[in-house]
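Next come the chains, spelled out residue by residue.
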Amino acid sequence: IEVEKPAELKKRGGAWFEFGTFQLHIGVEEPFSPAKKAHPALVVENIEELKGHLREKGVIFTEDDLLPGANRIHLNDPFGNRLELLEWD
């Protein structure tokens, strides 16, 4: 869920999200240009279940088996930025 940023940081734009004990802070640059190569990698649990959910929702992703010991996928967020999601064996 989106969480309130401190007042002094609101004027910088972007958004903060919280899930469980984690937070994700997203900043904004103008002019905007999506990051198509540089990307964050997020470790997840139950990636096979996540893949099924993404397929059901019509989200396009590519599977990648190039990292030994990792089940991982790459996809783009709604703004064109590349994301990596992986689960370690």
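Thresholds, definitions, all that
Residues numbered from 1 in each chain as written. Predicted model: local features only at pLDDT ≥ 70, side-chain atom pairs only at ≥ 80, totals over all residues. Heavy atoms only, no water. Helix = DSSP H or I, 4+ residues; strand = E, 2+ residues; numbered from the N terminus. Buried < 20%, exposed > 50% of the residue type's maximum accessible area, 1.4 Å probe, protein only. Areas by Shrake-Rupley, 256 points an atom, 1.4 Å probe, with all protein chains shown as cover. Lys, Arg positive; Asp, Glu negative; His and termini not counted. Charge placed at Lys NZ, Arg CZ, Asp CG, Glu CD. Phe/Tyr/Trp six-rings, centres within 6.5 Å; stacked < 30°, edge-to-face > 60°. Salt bridge = Lys/Arg side-chain N within 4 Å of Asp/Glu carboxyl O.

Any chance you could explain the overall build of the protein here in plain terms?
Secondary structure assignment for the protein yields two helices and seven strands. Dimensions of the protein, computed from the C-alpha atoms along their principal axes, are close to 40 × 30 × 25 Å. With 89 residues in all, the protein has 20% of them scored as buried. For the protein, the computed accessible surface area is about 7,100 Å², with 57% contributed by carbon and sulfur atoms. Placing the 11 positive and 17 negative side-chain charges of the protein at their respective mean positions leaves the two points 7 Å apart.

Could you clarify how one ought to interpret the packing of aromatic side chains in this entry?
The description of an aromatic ring pair uses the distance of the two centres, along with the angle that the planes make with each other. The tally for this structure, following the rule as stated, stands at one aromatic pair. Geometrically, the ring pair formed by phenylalanine 19 and phenylalanine 22 is stacked, given 6.0 Å between the ring centres and 25° between the ring planes. Judged by its relative accessible area of 54%, phenylalanine 22 is exposed.

What's the story with the pattern of salt bridges in this structure? I'm lost.
Once the charged atoms of two side chains with opposite charge are near each other, the side chains can pair. One pass over the structure, following the stated rule, counts seven salt bridges. Between glutamate 63 and lysine 51 there is a salt bridge, with its nearest N and O atoms 2.7 Å apart. With glutamate 63 in strand β5 (residues 61–64) and lysine 51 in helix α2 (residues 47–56), this residue pair connects regions lying 12 residues apart in the sequence. Of the residues examined, lysine 51 reaches a relative accessible area of 1% and is grouped as buried. Close ionic contact of arginine 72 with glutamate 84 constitutes a salt bridge, the shortest N to O distance being 3.0 Å. Placement of the pair is arginine 72 in strand β6 (residues 70–76) and glutamate 84 in strand β7 (residues 82–88), with a sequence separation of 12 residues. Through salt bridges that share partners, Glu48, Lys51, Arg55 and Glu63 make up one connected network.

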